[in-house]
Amino acid sequence: MTLLARTFQGFNQWVLREVSEQCFEPITPRPQALSPLFKLDDEFLHIGEQWPFLLHFLYDAKAHWIEQHAQPLISGIWLEDCQGKEIALEASALYVDGESLLIVHEIERKYGETAYRLQSSRDHLLVEEELEREVARRTRQIIAREEQISLCLLAAAGCRDEETGAHIRRIGLYSAVMAEALGWGIDQVDHIRMAAPMHDIGKIGIPDYILQKPGALENDERSLMETHAAIGASMLSDTGIEMMDMARDIAQCHHERWDGSGYPKGLRGEEIPIAARITAIVDIYDALVHKRVYKPAYSEEKTYDIMSSMSGSHLDPRLFELFQQNLAQIQAIRQQVQD
Amino acid sequence: MIQKKICLLGAFSVGKTSLIKRYVDSIFEEKYLTTVGVKIDKKLVEIERQKVMMMIWDLAGEDDFCKLQVSYLRGASGYILVGDPTRPHTLDRLFCLHKKAQKNIGNIPAIIALNKHDLCNQWSLSFAHREELEELQQPILNTSAKTGDQVQSLFIDLATQMLSN
Ligand SMILES: Nc1nc2c(ncn2[C@@H]2O[C@H](COP(=O)(O)OP(=O)(O)OP(=O)(O)O)[C@@H](O)[C@H]2O)c(=O)[nH]1
Ligand SMILES: [Mg+2]
């Protein structure tokens with residue numbers, strides 16, 4: 001045996017030359033490690049359907065030989081099942097001295113090293129993913145807890161008038177539906193769901209005799225009542241929390257009107273923060289479809305008629321259109337969230 | 001006898017190898033052993049009285065550093081896209097691989113396996129993911145390599161599609 005042949009065998013490489021279509025003649029003896037894959041008296045390597053991977057590789061190898069490349073084309077690793085064991089192999093094709101050569105390598109060591117590296121990096125990635133999911137889960141828990149606390153406090157603050165816990169909760173959920181329909185990110189949707197329920201928190205500074213008066217308010221009483229927007233805004237200011245900034249804007253501006261006839265500042269159109277325009281729509285809807293001291297509960301139809309007549313003057317017309325498009329979801333929340 | 005090649009594509013650790021092991025050998029391993037390179041399994045099936053030898057190519061899963069070698073798709077008659085909804089980002093990988101496959105081998109039959117359905121209480125598919133899945137307009141099966149749920153159907157449905165193609 002030539003030195004070269006022994007070297008190839010030592011590296012568990014079997015060198016063959018192409019003799020005819022899919023048939024290869026060994027140039028070096030077949031390494032021991034490959035023996036289990038062959039019958040004892042197999043002299044040639046016939047690459048038929050029992051070698052689907054090699055057959056697939058031959059297609060690329062042929063092109064390589066035709067172009068007479070001397071540098072090897074490597075197949076990539078594949079595994080063959082053999083008596084319940086997997087044997088890792090790799091093939092290369094090259095063209096040397098006028099011959100199309102195929103080398104089949106048994107690569108147990110290389111395979112082991114590659115597998116070890118890949119496995120460690122993937123196990124590591126999976127642990128990282130798991131940690132990220134855990135952080136996300138805990139964050140959601142914290143947000144949910146904050147929201148519960150906030151809703152309890154708001155219900156307590158609103159218990160002198162008719163701002164029931166369910167009303168407060170609905171305002172948040174309706175607003176979130178609108179925000180989602182607008183394509184807001186999940187964080188912004190979370191923010192408005194928590195912020196919108198705080199729109200009337202300033203009513204805590206309004207005396208009972210005004211808040212609970214069944215009939216119409218006198219002018220001076222009305223002026224006092226209207227201060228709830230500014231009181232709320234100042235209560236919610238300067239927290240350095242993004243969601244609370246949104247809550248402040250909503251408290252401040254939810255009585256502004258699209259045509260500029262609202263209070264406290266008479267802002268018009270898009271000068272009014274969008275979160276406040278959304279809250280105005282859903283707050284009016286919820287007040288109309290439920291009973292108040294000054295009115296009975298209206299039907300969905302009547303509510304719709306009233307709100308339509310407000311669109312463009314009181315309410316942002318584009319947002320009102322969006323509200324109509326999502327009315328089914330809004331109505332479902334109305335049904336689900338009751339006192 | 002007809003021979004058909006199919007490939008399993010997906011992110012790493014979504015259960016490609018496990019689906020094949022369940023289908024071919026009826027076994028399931030809890031321990032994760034990542035696939036290195038290519039492993040081809042064979043399974044003889046009979047569909048509408050035709051015997052078909054399925055050559056099932058298990059390809060190494062993708063991550064950011066290790067990409068699918070598209071030449072392995074050559075000659076495939078169909079492919080299975082596997083995602084693991086307990087790890088929603090594997091769906092993004094699934095969409096990419098679908099595009100890659102279409103670009104390289106054209107429109108051939110494909111089927112989507114949302115795997116690990118036994119853990120469906122831990123699935124977290126966003127609305128956007130569901131929409132994108134629907135837009136692919138490919139059959140979707142909720143599979144579990146662990147319980148065997150829908151695994152037969154996965155391969156048989158794909159093979160049936162391939163034969164009628
Ligand atoms: N619970 C559950 N676990 C599964 C299921 N399928 C696979 N697994 C587990 O998920 C892990 C990954 O499975 P594999 O089949 O190796 O995944 P793969 O897609 O082949 O991974 P790569 O070869 O690295 O791309 C293993 O720990 C499996 O036991 C399933 O349906 N349910
Ligand atoms: Mg695998």
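Residues numbered from 1 in each chain as written. Chains lettered and ligands numbered in written order. Predicted model: local features only at pLDDT ≥ 70, side-chain atom pairs only at ≥ 80, totals over all residues. Heavy atoms only, no water.

K.L.:
Before we go on, may I ask you to explain helix α2 (residues 52-66) of chain A in this structure?
P.N.:
Since there are 3.6 residues in each turn of an α-helix, residues three or four apart along the chain are aligned in direction. Residue and element names in this part refer to chain A. Here α2 spans 22 Å end to end across 15 residues, near enough to the 21 Å set by a 1.5 Å rise per residue. Taken as a whole, α2 carries its principal kink of about 30° at Tyr-59. For α2, every residue scored as buried is listed here: Pro-52, Phe-53, Leu-54, His-56, Phe-57, Leu-58, Ala-61, His-64 and Trp-65. Taken from the residues just after α2, Gln-68 is the one with a positive phi, measuring 55°. (Helix = DSSP H or I, 4+ residues; strand = E, 2+ residues; numbered from the N terminus. Expected span 1.5 Å × (residues − 1). Bend = angle between axes of the 7 residues up to and from the residue. Buried < 20%, exposed > 50% of the residue type's maximum accessible area, 1.4 Å probe, protein only.)

K.L.:
Can you help me understand the environment of A:His167 in this one?
P.N.:
All names here are of chain A. Turning to its location among the elements, His-167 is positioned in helix α4 (residues 165-181). Considered as a pair, His-167 and Arg-334 are 167 residues apart in the sequence and their alpha carbons are 9.0 Å apart. Excluding residues within four positions of it along the chain, His-167 makes contact with His-199, Asp-283, Asp-286 and Arg-292. (Contact = heavy atoms within 4.5 Å.)

K.L.:
What is the right way to look at a negative patch on the surface in this model?
P.N.:
Residue and element names in this part refer to chain B. A cluster of like negative charges, contributed by Asp-92, Glu-131, Glu-132, Glu-134 and Glu-135, occupies part of the molecular surface. Broken down by element, the negative patch gets its largest block of residues, four residues, from helix α3 (residues 127-135). With respect to the secondary-structure elements, Asp-92 resides in helix α2 (residues 89-105). We classify Asp-92 as partly exposed; its relative accessible area is 39%. (Patch = residues over 30% accessible without salt bridge, like charges linked within 9 Å, V, L, I, M, F, W, Y side chains within 5 Å. Areas by Shrake-Rupley, 256 points an atom, 1.4 Å probe, with all protein chains shown as cover. Salt bridge = Lys/Arg side-chain N within 4 Å of Asp/Glu carboxyl O. Lys, Arg positive; Asp, Glu negative; His and termini not counted. Charge placed at Lys NZ, Arg CZ, Asp CG, Glu CD.)

K.L.:
Where do I start with the packing of aromatic side chains in this structure?
P.N.:
Here the distance between the centres and the angle between the planes together describe a pair of aromatic rings. Applying the stated criterion across every chain yields a total of twelve aromatic pairs over all chains. Relative to A:Phe323, the ring of A:Phe320 has its centre 6.0 Å away and its plane inclined at 20°; by these criteria the two rings are stacked. Separated by three residues within a single helix, A:Phe320 and A:Phe323 lie in helix α11 (residues 317-325), roughly one turn from each other. Here A:Phe320 matches A:Phe323 in class, with each residue buried. A centroid spacing of 4.2 Å and a plane angle of 5° characterise the contact between B:Tyr23 and B:Phe155, whose relative ring orientation is stacked. One end of the pair, B:Tyr23, is in helix α1 (residues 16-25); the other, B:Phe155, is in helix α4 (residues 151-164), and 132 residues separate them in sequence. Of the two residues examined, B:Tyr23 and B:Phe155, each falls in the buried class. Grouped by ring-pair contacts, the aromatic residues A:Tyr174, A:Tyr285, A:Tyr304, A:Phe320 and A:Phe323 constitute a single cluster. (Phe/Tyr/Trp six-rings, centres within 6.5 Å; stacked < 30°, edge-to-face > 60°.)

K.L.:
How should I be thinking about unusual backbone geometry in this particular structure?
P.N.:
In terms of backbone geometry, most residues other than glycine have negative phi values and most peptide bonds are trans. All names here are of chain A. The omega angle of the peptide bond from Tyr-263 to Pro-264 is 5°, so this bond is cis rather than trans. Within the fold, Pro-264 resides in the loop between α8 (242-253) and α9 (274-289). The phi angle at Gln-22 is positive, at roughly 65°, despite the residue not being glycine. By relative accessible area, which is 31% here, Gln-22 ends up partly exposed. With a phi close to 45°, Gln-83 is a non-glycine residue in the positive phi region. By the secondary structure assignment, Gln-83 is in the loop between β5 (78-82) and β6 (85-96).

K.L.:
What should I look at first to understand the nonpolar core in this one?
P.N.:
In globular proteins that are soluble, nonpolar side chains generally tend to be buried together. Counting 51 residues, the largest nonpolar core has A:Leu45, A:Leu102, B:Leu9, B:Trp57 and B:Leu59 as the members making the most contacts within it. When residues of this core are assigned to their parent elements, the largest contribution, six residues, is made by α2(A). Sequence-distant contacts of B:Leu59, that is, excluding residues within four places in its chain, are made with B:Cys7, B:Leu8, B:Leu9, B:Lys16, B:Gly37, B:Val38, B:Leu68, B:Tyr72 and B:Leu73. Residues A:Leu151, A:Ile278, A:Val282 and A:Leu319 belong to the second largest nonpolar core, which totals 43 residues. (Core = buried A, V, L, I, M, F, W, Y, C linked by side-chain atoms within 4.5 Å.)

K.L.:
I keep staring at the pattern of salt bridges and nothing clicks. Help me out?
P.N.:
Pairing between side chains becomes possible if they bear opposite charge and their charged atoms approach one another. All names here are of chain A. As enumerated under the stated definition, the model contains 31 salt bridges over all chains in all. For the salt bridge of Glu-25 with Arg-17, the shortest nitrogen-to-oxygen distance reads 2.9 Å. Taking relative accessible area as the criterion, Glu-25 reaches 26% and is therefore assigned partly exposed. The class of Arg-17 is partly exposed, set by a relative accessible area of 23%. Taking the shortest distance from any N to any O, the salt bridge between Asp-316 and Arg-277 comes out at 2.6 Å. Residue Asp-316 is located in the loop between α10 (300-310) and α11, and its partner Arg-277 is located in helix α9; the two are separated by 39 residues in the primary sequence.

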